[in-house]
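Descriptive structure summary
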Amino acid sequence: MVGYLVACDAINLSTLALTSLGTFLTSSSAASLNQLLEIPFDSQMNRTKDRVLVQSNISPEGTLAFALATGISGIVILSTLVSSATAMLAFGNLILYSFIYTPMKRYSVANTFVGSFVGAIPPIIGWHAATGSFDSGLDFWGDFRLLCAWGNFILLATSSF
């Protein structure tokens, strides 16, 4: 929503709502897949051992069905009612978060760098939905570079220990 609101001259409530809904659904899918993939690790940590999947309050099959339904719905909404570019960004972010960032957390501090992309993409989705472009009058890409620089800083700082 922030990327949309910063970029637009006049708010189109329909586009804002559809972009927010599509992004929300796709993010919900990614979060569900993350929780599904993390069950064995969440069960070992005090902070996460009471999560619903770890406690078997929700089945892995139900979680996967929810992830597929929300992911597909979000991508369809974005691609048909907003733009194909926003749908591709959302789909790419879902894959990046669920299948690269999530497994990478256990093996490398470089996951922080990957996570900077994951964090920067949703505002870009909103920006593109508002403008139909990746160009900006403001230094929107500067925010993206800042998140990536922060990821690199964390990567370098933690790898020296």
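A quick note: this is a predicted structure, and the numbers were derived from the prediction, not measured. (Residues numbered from 1 in each chain as written. Predicted model: local features only at pLDDT ≥ 70, side-chain atom pairs only at ≥ 80, totals over all residues. Heavy atoms only, no water.)

Re the overall build of the protein chain
Selection rule: For the purposes of this entry, the term helix denotes a DSSP run of H or I that reaches at least four residues, the term strand denotes a run of E that reaches at least two, and both are numbered from the N terminus. In what follows, residue pairs with any heavy atoms lying within 4.5 Å of each other are defined as contacts. In these tables, accessible area is a Shrake-Rupley quantity obtained with a 1.4 Å probe, and a residue counts as shielded only by the protein chains included in the view.
Counting its secondary structure elements, the protein chain contains 7 helices and 0 strands. What you see in the protein chain, going N to C, is helices and strands ordered as α-α-α-α-α-α-α. Long-range pairs, those at least 24 residues apart, make up 63% of the contacts in the protein chain with a sequence separation of at least 6. Surface summary for the protein chain: the accessible area is close to 9,000 Å², and the carbon and sulfur share equals 67%.

Looking at a nonpolar patch on the surface
Stated precisely, the cut-off is as follows: Within this analysis, patches are made of residues with over 30% relative accessible area and no salt bridge. Like charges are joined at 9 Å or less; nonpolar side chains (Val, Leu, Ile, Met, Phe, Trp, Tyr) at 5 Å or less. For salt bridges, the criterion is a side-chain nitrogen of Lys or Arg within 4 Å of an Asp or Glu carboxyl oxygen. Only protein chains enter the accessibility calculation, which uses a 1.4 Å probe. A residue is then buried if its area is under 20% of the maximum for its type, exposed if over 50%, and partly exposed in between.
A grouping of Leu37, Phe91, Ile95, Phe99 and Ile100 is seen on the molecular surface, where their side chains present a nonpolar patch of about 420 Å² in accessible area. Looking at where leucine 37 falls in the secondary structure, it is placed in helix 2 (residues 13-37). A relative accessible area of 36% means that leucine 37 is categorised as partly exposed.

Points about the nonpolar core
Which entries qualify depends on this criterion: What is meant by a nonpolar core is a set of buried Ala, Val, Leu, Ile, Met, Phe, Trp, Tyr and Cys residues, joined one to another through side-chain atoms within 4.5 Å.
Counting residues in hydrophobic clusters, the biggest one holds 10 residues: Ile75, Leu78, Ala87, Ala90, Leu96, Tyr101, Val114, Val118, Ile121 and Ile125. Looking at this core, the elements with two or more residues in it are helix 4 (60-81), helix 5 (84-104) and helix 6 (111-131). Not counting residues within four places of it along the chain, the set of residues in contact with alanine 90 comprises Thr26, Ile75, Leu78 and Ile125.

A short note on the pattern of salt bridges
This structure, assessed with the given rule, holds 3 salt bridges. Salt-bridge contacts for arginine 51 lead to aspartate 42; the nearest nitrogen and oxygen are separated by 3.1 Å. Taking the relative accessible area as the measure of exposure, aspartate 42 reaches 2% and is therefore buried. Taken together, the salt bridges that share partners define one network made up of Glu38, Lys105 and Arg106.

Considerations on the packing of aromatic side chains
Stated formally: Stacked, edge-to-face and tilted are the three classes for Phe, Tyr and Trp ring pairs, Trp counted by its six-membered ring, which pair at centre distances within 6.5 Å; planes under 30 degrees apart are stacked, over 60 edge-to-face, the rest tilted. Two conditions define a charge located above a ring, namely a distance within 6 Å from the ring centre to NZ of Lys or CZ of Arg, and an angle within 35 degrees of the ring normal.
Tallying each qualifying case throughout the model produces 1 aromatic pair. Their ring planes at 20 degrees and their centres at 5.4 Å tell us that tyrosine 97 and tyrosine 101 sit as a pair that is stacked. Note that tyrosine 97 and tyrosine 101 are positioned in helix 5 at a spacing of 4 residues, about one turn of the helix. Over the face of the ring belonging to phenylalanine 41 we find arginine 106, whose NZ or CZ atom lies 3.8 Å from the ring centre.

Re the confidence of the model for the protein chain
Regions with low pLDDT carry predicted coordinates that are not meant to be interpreted in detail. So the rule is basically this: On a range of 0 to 100, pLDDT expresses the predictor's confidence in each residue.
Considering every residue of the protein chain, the mean pLDDT works out to 86; 84% of them sit at 70 or more. Summarising per-element confidence for the protein chain, the mean pLDDT is lowest in helix 7 (residues 140-159) (61) and highest in helix 4 (97).

With respect to the UniProt feature "transmembrane region" (unreviewed entry) in the protein chain
This is how the line gets drawn: UniProt positions are given in the numbering used here, feature names are shortened, and annotations may be inferred rather than shown by experiment.
The feature "transmembrane region" (unreviewed entry), as given by UniProt, occupies residues 64-97 and 109-130 in the numbering adopted here. Summarising residues 64-97: 94% helix, 0% strand, and an end-to-end C-alpha distance of 16 Å.

Here's the deal with the environment of serine 28
Structurally, serine 28 is set in helix 2. Serine 28 sits in the buried class, given a relative accessible area of 15%. With 66 residues separating them in the primary sequence, serine 28 and leucine 94 have C-alpha atoms 9.2 Å apart. Apart from residues lying up to four places away in sequence, serine 28 is in contact with Phe66 and Thr70.

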